[in-house]
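# Fold and contact review
Single-letter residue listing:
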Amino acid sequence: MAEKTERLTQNTAGAYYVDSTCIDCDMCRSTAPKVFKRDEEIGMSVAFHQPVTAMEIALAEEARTGCPTESIGNDGPA
């Protein structure tokens, strides 16, 4: 489970975030490319856009639940 205390500062403000346990596997970027991208400086994925539409939210949730290291958090309503 993602830890708020390990939230990467490169994430955009909002409910969805990636924490420092990310292994840069590309799963979230493949699943929800409008929400997650790779930060080249740190070599990890980050949430660069908070999902707004029903489709973006569904894909962000799919990425969160499918993350092999449980590095994606959602502090808002799922």
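Note: the structure precedes this text.
Residues numbered from 1 in each chain as written. Predicted model: local features only at pLDDT ≥ 70, side-chain atom pairs only at ≥ 80, totals over all residues. Heavy atoms only, no water.

## Side note on the nonpolar core
Membership of the largest hydrophobic core comes to 15 residues, with the highest contact counts inside it found for Val 18, Phe 36 and Ile 72. Among the secondary structure elements, those contributing two or more residues to this core are β1 (16-18), β3 (44-47) and α2 (54-66). Top contributing element to this core by residue count: β3, with 3 residues. If near-sequence neighbours (up to four positions away) are discounted, Ile 72 is found in contact with Ala 2, Tyr 16, Tyr 17, Val 18, Cys 28, Phe 36, Ala 63, Arg 64 and Cys 67. (Core = buried A, V, L, I, M, F, W, Y, C linked by side-chain atoms within 4.5 Å. Buried < 20%, exposed > 50% of the residue type's maximum accessible area, 1.4 Å probe, protein only. Helix = DSSP H or I, 4+ residues; strand = E, 2+ residues; numbered from the N terminus. Contact = heavy atoms within 4.5 Å.)

## Remarks on the environment of Ala 13
Note that Ala 13 resides in the segment before β1. For Ala 13, a relative accessible area of 68% gives the class exposed. Through-space distance from the C-alpha of Ala 13 to that of Gly 66 is 22 Å; in sequence the pair is 53 residues apart. Each residue touching Ala 13, except ones within four places of it in the same chain, is listed here: Arg 7 and Gln 50.

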